[in-house]
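Residue-level structure breakdown
Residue strings, one per chain:
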Amino acid sequence: MKSFTYVRAKSPADAASMAASTSGARFIAGGTNLLDLMKLEIETPPHLIDVNGLGLDKIEDTPSGGLRIGALVRNTDLAADDRVRRDYGVLSRALLAGASGQLRNKATTAGNLLQRTRCPYFYDTAQACNKRQPGSGCSAVRGFSRQHAIIGASTACIATHPSDMAVAMRVLDAAVETVLPNGKSRQIKMKDFHRLPGATPHIETSLQSGEFITAVTLPKPLGGTHVYHKVRDRASYAFALVSVAAVIQADGRGRVAFGGVAHKPWRVEAAERELPNGAAAVAARVFADAVPTPENEFKRILAERTLAGVLSETRGRS
Amino acid sequence: MSNPANISTSRRDVLRAGGAVAAVSGMASRAAAQPTEISLPVTSQVHLQVNGKPQTLELDLRTTLLDALREHLHLTGTKKGCDHGQCGACTVLVEGRRINSCLSLAVMHEGEAITTIEGLGTPDNLHPMQAAFIKHDGYQCGYCTPGQICSAVAVLDEIKAGLPSHVTTDLTATPELSAVEMRERMSGNICRCGAYSNIIEAMSEVGGLTA
Ligand SMILES: Cc1cc2nc3c(=O)[nH]c(=O)nc-3n(C[C@H](O)[C@H](O)[C@H](O)COP(=O)(O)OP(=O)(O)OC[C@H]3O[C@@H](n4cnc5c(N)ncnc54)[C@H](O)[C@@H]3O)c2cc1C
Ligand code: SF4
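In this text, all values refer to a predicted model and were calculated from it rather than measured experimentally.

Turning our eyes to something else, we now look at the overall build of chain B. Looking only at helices and strands, one finds seven helices and five strands in chain B. What you see in chain B, going N to C, is helices and strands ordered as α-β-β-α-β-β-β-α-α-α-α-α. Put simply, of all contacts in chain B between residues at least 6 apart along the chain, 49% involve residues at least 24 apart. In the structure as shown, chain B presents an accessible area of about 9,600 Å², 52% of it carried by carbon and sulfur atoms.

Pasting the structure below:
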């Protein structure tokens, strides 16, 4: 690990302004992704800003009937919150399907959204990777690509976003609240938060330099049946090959987003109209532009079948 | 939550930090352009409450909680397996909650209470979970065992506190103590020898689960 200096932020605005004025500085929350990457010297921040002591660990009701989740709320606490379990079950389910009990005790809401890809070439500093080292090339395109994206990728990068929580946040139309280095705050819709790789896969979100996440807000509850199905190589403690987050109403209409298939949680609102017509109809729309590799074309079929499972489960329950 | 005690740094650390990054508590100046070549480690004083005893350590900021326990406090019961949060051998309890001590900086635990395998029980006065692991043969080589035991103790508490898991059928109900629940919750602790079924037996006994 490269040496660094360390400071505890005094307020969200203080965190943002310090981050903007210090080249290469990073916020550290749970540390479960950042420290992992620092040990491998994939991330080499000269300065860490600890944001744990800012009181951003609360979940509050909003005036519009939703929830405001502090950026530092631990994944364990978010999944266990009574309101989340009752009204946003897809979010609890997604969180509980991710990582391990130990990791969820440390992992935070903001850190989870900003965790980096699990592409093995990104992790191997001996390999070319445009995300780790812009312009060096992408080893995955002609390498082992079983885990990689089947849609929305580019010739520069075919990585997926590994978060389960983010897929649920996308289906719930969450919004990310931030404070900018100039002290102003803004909201970014989940839809616009993560970016597609394009020619700049190292730029992963729409956050500006130094911009600090203070909370994630959820609109008022949708009702319906909430499901998160994750398919992976072992039954627990593994990243998704494919996942489906869905909120399905009694009349068969609803919302669905897919994880493990793209550089961001993948949701095509126009395809949701097909939900009453079954999984094949939805998947045909969602994955119309898919460009899989020979190694990951199974994901297209797996995604459709996982959705079919979700829909038959919700029919049984509503 | 950690108590924001001042972080002491040496003069040389400030030089290393240079113009850009000297915004450490107690040092207001971020201004003076200083040479950045001097690459001496940046250190900090850290206070921890380990197994009930207050400890003060002078640590390189890069020191993980795991290394602070093993290399500085010589509490080598906590094991270093993968050092990347993937195996669970380094599991300890911080303020009563289990975490991977390898993926956490010691300095981020200022003032916090840490319980390691050495603090759960002693050879003459074993914690019930330690005794149950022995009785049920919950290990073979034993390397993952301290992490397994710390996790097992926390898992029973988590179920008792009503925290849901991936296998909890009804999210709004209180989860029950069952083998399926315990197995899922223990998935962050890998055992290369495969002592899993005996570990669940040990946990079942301590948790009072009758088959
Ligand atoms: C073995 C293992 C298995 C895992 N399995 C899964 C899995 O199955 N599913 C899954 O979804 N995840 C999984 N994870 C990833 C885990 O969920 C993330 O590591 C965790 O959510 C990151 O949160 P953190 O608070 O620890 O982030 P940190 O490591 O502290 O930070 C991550 C990034 O977010 C930035 N950041 C943090 N807070 C803020 C803020 N408030 N504003 C702006 N930037 C911020 C940091 O600067 C850093 O760049 C796994 C991790 C490990 C180690
Ligand atoms: S897919 Fe993306 S992260 Fe993986 S090697 Fe290519 S550029 Fe790097």
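Moving on from the model shown.
Here we come to the interface of chain A and chain B. With 48 residues of chain A at the interface, the matching set in chain B holds 57 residues. Of all residues in chain A, Arg8, Arg85 and Gln102 of chain A bury the most surface against chain B, accounting for 18% of the area lost on that side. Where the side of chain A that touches chain B is concerned, the elements lending two or more residues are strand S1 (5-8), helix H1 (12-21), helix H2 (34-39), strand S3 (47-50), helix H3 (75-80), helix H4 (82-87), helix H5 (89-96) and helix H6 (101-106) of chain A. Take the side of chain A that touches chain B: its biggest share by element is five residues, from H6 of chain A. Residues that form the side of chain A that touches chain B fall into these classes: 17 nonpolar, 18 polar and 13 charged.

This next bit is on helix H7 (residues 196-207) of chain B. All names here are of chain B. Compared with an ideal rise of 1.5 Å per residue, which puts 12 residues at 16 Å, H7 spans 16 Å between its outermost C-alpha atoms and is within 8% of the ideal. Taken residue by residue, H7 has Ile199, Ile200, Ala202, Met203 and Ser204 as its buried positions. Where H7 is buried, its residues contact helix H4 (128-135), helix H5 (145-160) and helix H6 (179-185). Looking one or two residues past H7, glycine 208 carries a phi angle of roughly 80°, positive in sign.

Attention now goes to the UniProt feature "domain: FAD-binding PCMH-type" (unreviewed entry) in chain A. In this numbering, the UniProt entry assigns the feature "domain: FAD-binding PCMH-type" (unreviewed entry) to residues 1-223 of chain A. As annotated, residues 1-223 of chain A has a helix share of 28% and a strand share of 16%, and its two end C-alpha atoms lie 47 Å apart.

With that settled, the discussion passes to the side chain of glutamine 115 of chain A. Residue and element names in this part refer to chain A. Its location among the elements puts glutamine 115 in the loop between helix H7 (109-113) and helix H8 (120-123). Side-chain polar atoms of glutamine 115 contact the side chain of asparagine 112, separated by 3.0 Å. What glutamine 115 contacts, discounting residues up to four positions off in sequence, is Asn33, His161, Pro162, Ser163 and Phe239.

Looking now at the site of ligand 1. Taken together, 35 residues are adjacent to ligand 1, and Phe27, Gly31, Thr32, Thr108 and Asp164 of chain A come closest. Surrounding ligand 1 is a set of residues that belongs to chains A and B. Within the backbone of leucine 34 of chain A, one N or O atom sits 2.8 Å away from an oxygen atom of ligand 1. A distance of 3.0 Å is found between an oxygen atom of ligand 1 and a backbone nitrogen or oxygen belonging to alanine 99 of chain A. Here ligand 1, which alone exposes 990 Å², has 96% of that area covered by the protein.

With that settled, the discussion passes to the sheet that holds S1 of chain A. Residues and elements named next belong to chain A. With parallel pairing, three strands are arranged side by side in an open sheet as S1-S3-S2. Looking at the sheet topology across the chains shown, the edges are occupied by S1 and strand S2 (26-28). Between one strand and the next, the sheet's axes are offset by a mean angle of 30°, whatever the strand orientation. With four bridges connecting them, S1 and S3 associate as parallel partners. Its bridge partner lying in S3, tyrosine 6 is registered against leucine 48.

Criteria and cut-off values
Residues numbered from 1 in each chain as written. Chains lettered and ligands numbered in written order. Predicted model: local features only at pLDDT ≥ 70, side-chain atom pairs only at ≥ 80, totals over all residues. Heavy atoms only, no water. Helix = DSSP H or I, 4+ residues; strand = E, 2+ residues; numbered from the N terminus. Contact = heavy atoms within 4.5 Å. Areas by Shrake-Rupley, 256 points an atom, 1.4 Å probe, with all protein chains shown as cover. Buried area = accessible area lost by both parts, 1.4 Å probe. Nonpolar A, V, L, I, M, F, W, Y, C, P; charged D, E, K, R; others polar. Expected span 1.5 Å × (residues − 1). Buried < 20%, exposed > 50% of the residue type's maximum accessible area, 1.4 Å probe, protein only. UniProt positions renumbered as here; feature names shortened; annotations may be inferred. Polar contact = N/O pair within 3.5 Å; in protein donor to acceptor, adjacent residues only side chain to side chain. Near = heavy atom within 4 Å. Pairing = 2+ DSSP bridges. Axes fitted to C-alpha atoms, helices over the stretch in contact; angles between N-to-C directions.

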